Amino acid sequence: MVLICPRIQFFEINDQWWFPQYLRQKIQSTLTLLWQFRVPLIQKASPAQLVVSTLYRTLSNNVIDYTYVDFCAGAGGPTPFIEKELNAQLSFRLSSSPTYDIMSNGHTNRSSQQEEAKSSAVKFVLTDLHPHIPDWTVAAKKSENLNFISEPVDASNAPAHLNGQNGKKIFRLYNLAFHHFDDDLGSAILHNTLETAEGFGIFELQERTVSSLITMCFMGLLLFVITPFYFWRSPGHLFFTYIIPIIPFVVVVDGYISSLRTRSPQELQILMKKCGASGDSWTVKSGQEQHTFPIGYMTWFIAVKQ
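Residues numbered from 1 in each chain as written. Predicted model: local features only at pLDDT ≥ 70, side-chain atom pairs only at ≥ 80, totals over all residues. Heavy atoms only, no water.

Chemist: So what exactly am I meant to see when it comes to the overall build of the protein here?
Modeler: Secondary structure assignment for the protein yields 11 helices and seven strands. Dimensions along the principal axes, computed over C-alpha positions, put the protein at roughly 65 × 50 × 40 Å. Here the contacts in the protein between residues at least 6 apart in sequence split such that 72% fall between residues at least 24 apart. As displayed, the protein has an accessible area near 15,100 Å², and 59% of this comes from carbon and sulfur atoms. If the 24 positive side-chain charges of the protein are averaged to one point and the 25 negative ones to another, these points end up 5 Å apart. (Helix = DSSP H or I, 4+ residues; strand = E, 2+ residues; numbered from the N terminus. Contact = heavy atoms within 4.5 Å. Areas by Shrake-Rupley, 256 points an atom, 1.4 Å probe, with all protein chains shown as cover. Lys, Arg positive; Asp, Glu negative; His and termini not counted. Charge placed at Lys NZ, Arg CZ, Asp CG, Glu CD.)

Below you can see the structure in the form of structure tokens.
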């Protein structure tokens, strides 16, 4: 990864107070779609599925030890899809294990098998400084393993009840979010994370590279192709994509700005060391996963307390 410039703390259009809330909601729904959508041939998996495979591979058998808390959930983002995919993989792993096969052929009844599968599921919690209660309520109704905190949650000062419960450790998720924070706020959030959680993951779909900027342009063009299939019931979405193309414009421009704001794994480690909390007992791993052939990459940074 060759960085094209130092990190720049620009401001994204969709974050501005003057940007209409109506259009902001359209942008958020578009970004959610891009997390879960898979383009045939050029994407082997959706970005949300890549997050799941990265968590599963990095945390291994310990993946079930955590409750996963999204501290910047926005309108829900990819977390409902991550929850669904991760628990589906855990259920499949259980059903294909030799122990489960023995139980299935022995005296254990179907309800006992279902109870074991249910107990192996991991919980996810949506939080944000500006809660999106209607969107979260809809998402939570679709899964008993997804919940939300209705009160505002400051990621730099997490409430005590989010610091672990029911024997589960807390793993914080920052999905396409951490690049929004300047160094002072980012440092404060990492300090609170190291003090109160047992793990965290930062996932970004962009980086400060030429290839990332090209990918953002491609994503904008892609919206002109897929919008009728996913937003055909929304006249406003269609209007602001094809008649006055504000949605693709903001997605591309904010994508460029996000790329220039995104920290490299090395920069995240430096910020982690400078945040004021001890990181001696923490193990850090990072890497890249290709989300769009040939030049689109998801960068990830995962830290776990030993």
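Now that the structure has been shown, we can carry on.
Chemist: Explain the packing of helix α1 (residues 21-36) against helix α10 (residues 246-261) to me, please; I cannot follow it from the model alone.
Modeler: Two measures define how a pair of helices packs: the angle their axes make with one another and the distance between the axes. Two elements in contact, α1 and α10, have axes whose closest approach is 10 Å; the angle formed by their N-to-C orientations is 65 degrees. Relative to α10, α1 is oriented so that their crossing is right-handed. Contacts between α1 and α10 pair L23, K26, I27, T30 and L34 from the former with I246, I247, V250 and V251 from the latter. For the contact of α1 with α10, a count of residues per class yields seven nonpolar, one polar and one charged. (Axes fitted to C-alpha atoms, helices over the stretch in contact; angles between N-to-C directions. Left-handed = near helix turned anticlockwise from the far one by under 90°. Nonpolar A, V, L, I, M, F, W, Y, C, P; charged D, E, K, R; others polar.)

Chemist: Sorry if this is basic, but what is going on with the environment of T127 here?
Modeler: Residue placement: T127 occurs in the loop between β2 (124-126) and α6 (133-140). Classification of T127 as buried rests on a relative accessible area of 0%. Along the chain, T127 and A303 lie 176 residues apart, while their C-alpha atoms are 20 Å from each other. There is a polar contact of 2.9 Å between the side chain of T127 and the backbone oxygen of D70. (Buried < 20%, exposed > 50% of the residue type's maximum accessible area, 1.4 Å probe, protein only. Polar contact = N/O pair within 3.5 Å; in protein donor to acceptor, adjacent residues only side chain to side chain.)

Chemist: How should I be thinking about the sheet that holds strand β1 (residues 66-70) in this particular structure?
Modeler: Two modes of strand pairing occur in sheets, parallel and antiparallel, and in both the strands are linked by backbone hydrogen bonds. Taking strand neighbours across the sheet as the criterion, the seven strands line up as β3-β2-β1-β4-β5-β7-β6 in an open arrangement whose pairing is mixed. What marks the edges here is a single partner per strand, and that holds for β3 (146-148) and β6 (282-292). Recorded for the sheet is a direction-independent mean angle of 20 degrees between the axes of neighbouring strands. Pairing of β2 with β3 involves three bridges; the strand directions are parallel. The residue bridging L126 from the neighbouring strand is F148, located in β3. Each of β2 and β3 is contacted by α6, which is oriented at about 160 degrees to β3, the strand it contacts most. Lying on the sheet, helix α11 (residues 265-274) is in contact with β5 (199-204), β6 and β7 (296-305); it crosses β7 at an angle near 30 degrees. (Pairing = 2+ DSSP bridges.)

Chemist: Please explain the nonpolar core as it appears in this structure.
Modeler: As a rule of thumb, nonpolar side chains are buried together in soluble globular proteins. Counting residues in each nonpolar core, the largest one holds 30 residues, and the members touching the most others are L59, Y68, L86 and F171. When contributions to this core are tallied by element, the ones reaching two or more residues are α2 (47-59), β1, α3 (79-95), β2, α6, β4 (169-175) and β7. Ranked by residue count, the leading element in this core is α2, at seven residues. With 28 residues, the next largest nonpolar core counts C72, I149, A158 and I170 among its residues. (Core = buried A, V, L, I, M, F, W, Y, C linked by side-chain atoms within 4.5 Å.)

Chemist: Whenever I open this one, the pairing of β4 confuses me. Can you help?
Modeler: Side chains on a regular strand alternate between the two faces of the sheet. Of all the seven residues making up β4, six are buried; the element is thus mostly covered by neighbouring parts of the structure. Bridging between β1 and β4 involves five bridges; their strand directions are parallel. The residue of β4 that forms the bridge with T67 is I170. Relative to β5, β4 is paired through five bridges, and the arrangement is parallel.

Chemist: Help me understand a nonpolar patch on the surface, please; the structure alone is not making it clear to me.
Modeler: A cluster of nonpolar residues, L221, F224, V225, F239, Y242, I243 and I244, forms a patch on the protein surface that exposes about 650 Å² of accessible area. Of all the secondary structure elements, the ones that give two or more residues to the nonpolar patch are α8 (210-230) and α9 (235-243). (Patch = residues over 30% accessible without salt bridge, like charges linked within 9 Å, V, L, I, M, F, W, Y side chains within 5 Å. Salt bridge = Lys/Arg side-chain N within 4 Å of Asp/Glu carboxyl O.)

Chemist: Explain the packing of aromatic side chains here, please?
Modeler: In this description, a pair of aromatic rings is defined by centroid distance and the angle of the planes. Tallied over the full model, the rule gives 15 aromatic pairs. Where Y66 meets Y68, the ring centres are 6.1 Å apart and the plane angle is 55 degrees; that geometry is what we call tilted. On the basis of relative accessible area, Y68 is assigned to the buried category, the value being 0%. Plain terms: the ring middles of W136 and F148 are 6.0 Å apart, the flat faces sit at 55 degrees to each other, and that makes the pair tilted. Taken as a pair, W136 in helix α6 and F148 in strand β3 lie far apart in primary sequence, 12 residues in all. The exposure class of W136 is buried, given its relative accessible area of 0%. Grouping aromatic residues by their ring pairs yields a cluster made of Y66, Y68, F124 and F171. The ring of F71 has R172 sitting right over it, with the charged end atom 4.0 Å from the ring centre. (Phe/Tyr/Trp six-rings, centres within 6.5 Å; stacked < 30°, edge-to-face > 60°. Lys NZ or Arg CZ within 6 Å of the ring centre and 35° of its normal.)

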